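Report on the structure
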Amino acid sequence: PVGHRIELAFSDKYSPKDGPSAAVVSALLTDSIITGEDIDPDFAATGDMTAAGEVRPVGGLSGKVSGAIKKDCKIIGIPAPNQNSIEDLYIIDGIRQIYEIQIFSLKTFDEAHDLAIAKRAKDLQTAIDEFANVQSALKRNPKYVHNSKVLAKLKAIVKLAPNHLSARILYLHGIKKGPKKLSLPGSLTAIDKASSRLRGLLSDGCFMDTGHDDVLRNFISEMKRLRSMVDQRTKAYADTYEELADFMRTIRGRKILSAQLRRELQGKVRRVDSERRKLLENKEIREELMIE
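Quick summary incoming for the structure in this document. (Residues numbered from 1 in each chain as written. Predicted model: local features only at pLDDT ≥ 70, side-chain atom pairs only at ≥ 80, totals over all residues. Heavy atoms only, no water.)

**Regarding the nonpolar core**
In plain terms, the rule: In these notes, a set of buried Ala, Val, Leu, Ile, Met, Phe, Trp, Tyr and Cys residues joined through side-chain atoms within 4.5 Å is what counts as a nonpolar core. For every residue, the accessible area (1.4 Å probe, protein chains only) is compared with the maximum for its type, and the residue is labelled buried under 20%, exposed over 50%, or partly exposed between those bounds. Only DSSP runs of H or I reaching four residues or more are called helices, and only runs of E reaching two or more are called strands; each is numbered from the N terminus. Whether two residues are in contact is decided by their heavy atoms, any of which lying within 4.5 Å being enough.
Counting residues in each nonpolar core, the largest one holds 78 residues, and the members touching the most others are Val65, Ile86, Ile103, Leu170, Tyr241 and Leu244. Top element by residues in this core is helix H9 (residues 184-204). It accounts for eight residues. Not counting the four nearest positions on each side in its chain, Ile103 is found in contact with Val65, Ile76, Ile78, Ile86, Gln97, Ile98, Asn163, His164, Leu165 and Ser166.

**Quick notes on the layout of surface pockets**
We count it as follows: Site definitions follow a grid-based scheme: protein atoms alone, a 1 Å grid, a 1.4 Å probe that fits but cannot get out for cavities, and for pockets an open set with protein on both sides within 12 Å along at least five of seven lines, plus lining residues having an atom within 4 Å of a point. Grid points are joined across faces, edges and corners, and a volume is the space filled by probe spheres set on the points. Gly falls in the polar group here, along with every residue not listed as nonpolar (Ala, Val, Leu, Ile, Met, Phe, Trp, Tyr, Cys, Pro) or charged (Asp, Glu, Lys, Arg).
Approximately 550 Å³ is the volume attributed to the largest pocket. Elements with a contribution of two residues or more to the lining of the largest pocket: helix H2 (61-70), helix H3 (83-93), H9 and helix H10 (213-227). Top element by residues in the lining of the largest pocket is H9. It accounts for six residues. Of the residues assigned to the lining of the largest pocket, the class counts are eight nonpolar, 11 polar and six charged. Of the volumes computed, that of the second largest pocket is approximately 310 Å³. Forming the boundary of the second largest pocket are 16 residues, of which Val25, Phe43, Ala44, Ala45 and Cys73 lie nearest the centre. For the lining of the second largest pocket, the secondary-structure elements that each account for two or more residues are helix H1 (23-35), strand S1 (43-45) and H2.

**Comments concerning the sheet that holds S1**
Rules: A pair of strands is labelled paired if DSSP reports no fewer than 2 bridges between them. Between the N-to-C directions of two axes lies an angle of 0 to 180 degrees, each axis being a line fitted to C-alpha atoms and, for a helix, fitted only over the stretch in contact.
The three strands lie next to each other as S1-S4-S5, forming an open sheet whose pairing is parallel. Edge positions in the sheet fall to S1 and strand S5 (102-106), since each has one partner strand and no second. Strand-to-strand twist across the sheet, computed as the mean angle between neighbouring axes with direction ignored, equals 25°. With five bridges connecting them, strand S4 (residues 75-79) and S5 associate as parallel partners. Looking across to S5, one finds that Ile78 is bridged to Ser105. Against the sheet, helix H5 (residues 109-116) contacts S1, S4 and S5, and its axis sits at roughly 155° relative to S5.

In structure tokens form, the structure reads like this:
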């Protein structure tokens, strides 16, 4: 538009940047400057965006949702293609973060705009206000999610705002039909996160100390739990970690490993790395991971 000079500055401009996650919010700021419409100060968003206004996926959703909660934001908009990331968050961590902030999916800039502005359409604002009442109840007692009145409110909210992810996931949880399977990216993240302590023990050799029995036992238990949730294509990868932990338990307490046992241990570590490499070299899997 003629007569406007718009400059967007970021206070940490000299720190490293990674990815276009601020595209949607930058567009919203620009639009607000031009139109004069106020943006709700309790609103947060993330997402890449095309020139045609299509909201595209970004990475690190769970961290961004957590960050918005820590900053006391009340609403966050995320790219619709990242919906699986929120379902993964629910599967791994339960419902707390799902009701601590109102999470909406966004397909277009127009949807982001309608959610971001302070003066929203009546149905959308009603959905937000009603969910705030649900939040108050769940913060008192999360078990209220199964209450018939709460379920009726959640169902009504989804009808008013079909892209209200928090309301939809909580409603499904309340009727015991919540998501149960992790996405492919979520499966890999969960396996790698669970195995980080195991790799730490392996790298410094302290797994041979019997004092770490609980770590190995808990890891094996966690991998068995995850196995029922992860994407089918990642089960072999998860199994190699469980086999490695089982073997580490059999050789704990030894002061010296024989050459044969060292070879066996190295072979199991190589198998873990081989299964991960096999996943990441698969063209179909690589394309799916790029969605995140």
